[in-house]
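# Overview (structure and organization)
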Amino acid sequence: MRTQLANFGRARSAMVKTWGSSQQGNFAYEWGQAEATFMSGKHLVERYLTAWQKQPDGSWKIFRNLVIPEK
């Protein structure tokens, strides 16, 4: 993914749409779609699943972040 984003260059705009979420204990799961438009004119749309982990201080940090393939 880093290589792909490096090839796209600097983003002009980006947004994330959360479609749903669920919490189980110290983990929360979020899924949705991320979009970015780049200075080069390229446009990227990816579905994602993110697992968040609650930290001892009460904050949340990303534990795993996965791109969901189209097919």
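Our subject in this report is the structure included herewith. (Residues numbered from 1 in each chain as written. Predicted model: local features only at pLDDT ≥ 70, side-chain atom pairs only at ≥ 80, totals over all residues. Heavy atoms only, no water.)

Assigned secondary structure in the chain consists of one helix and four strands. Counting from the amino terminus, the chain carries its helices and strands in the arrangement α-β-β-β-β. Expected size for 71 residues packed as a compact globule is a radius of gyration near 11 Å; at 14 Å, the chain overshoots this value by more than 25%. Along the first, second and third principal axes, the C-alpha set of the chain runs to 40 × 30 × 20 Å. The burial tally for the chain puts 21% of its 71 residues in the buried class. Across the chain, the fraction of contacts at a sequence separation of at least 24, relative to all contacts at a separation of at least 6, is 29%. Summing over all exposed atoms, the chain offers an accessible surface of approximately 5,500 Å²; the carbon and sulfur share of this is 54%. If you average the places of the 10 positive and of the 5 negative side-chain charges in the chain, the two averages end up 4 Å apart. (Helix = DSSP H or I, 4+ residues; strand = E, 2+ residues; numbered from the N terminus. Rg over C-alpha atoms; globule rule 2.2 N^0.38 Å. Buried < 20%, exposed > 50% of the residue type's maximum accessible area, 1.4 Å probe, protein only. Contact = heavy atoms within 4.5 Å. Areas by Shrake-Rupley, 256 points an atom, 1.4 Å probe, with all protein chains shown as cover. Lys, Arg positive; Asp, Glu negative; His and termini not counted. Charge placed at Lys NZ, Arg CZ, Asp CG, Glu CD.)

Our next topic: the pairing of strand E4 (residues 60-68). Look at any regular strand and the pattern is simple: side chains alternate between the two faces of the sheet. Sheet topology places strand E3 (residues 43-54) next to E4; eight bridges connect them, and they run antiparallel. Residue pairing for E4: Gln53 is matched across the bridge by Lys61. Linking two consecutive strands that pair antiparallel, namely E3 and E4, is a turn of five residues; a positive phi of about 95° is found at Gly58 within it. (Pairing = 2+ DSSP bridges.)

Turning next to the packing of aromatic side chains. Overall, the coordinates contain two aromatic pairs when judged by the stated rule. An angle of 70° between the planes, with centres 4.8 Å apart, marks the rings of Phe8 and Phe38 as edge-to-face. With Phe8 in helix H1 (residues 2-8) and Phe38 in strand E2 (residues 27-38), this pair connects stretches of sequence that are 30 residues apart. With a relative accessible area of 15%, Phe8 lands in the buried category. The residue whose ring lies beneath Lys42 is Phe8, and the NZ or CZ to ring-centre distance is 5.1 Å. Taking NZ or CZ as reference, Arg64 lies 4.4 Å from the ring centre of Phe63, over its face. (Phe/Tyr/Trp six-rings, centres within 6.5 Å; stacked < 30°, edge-to-face > 60°. Lys NZ or Arg CZ within 6 Å of the ring centre and 35° of its normal.)

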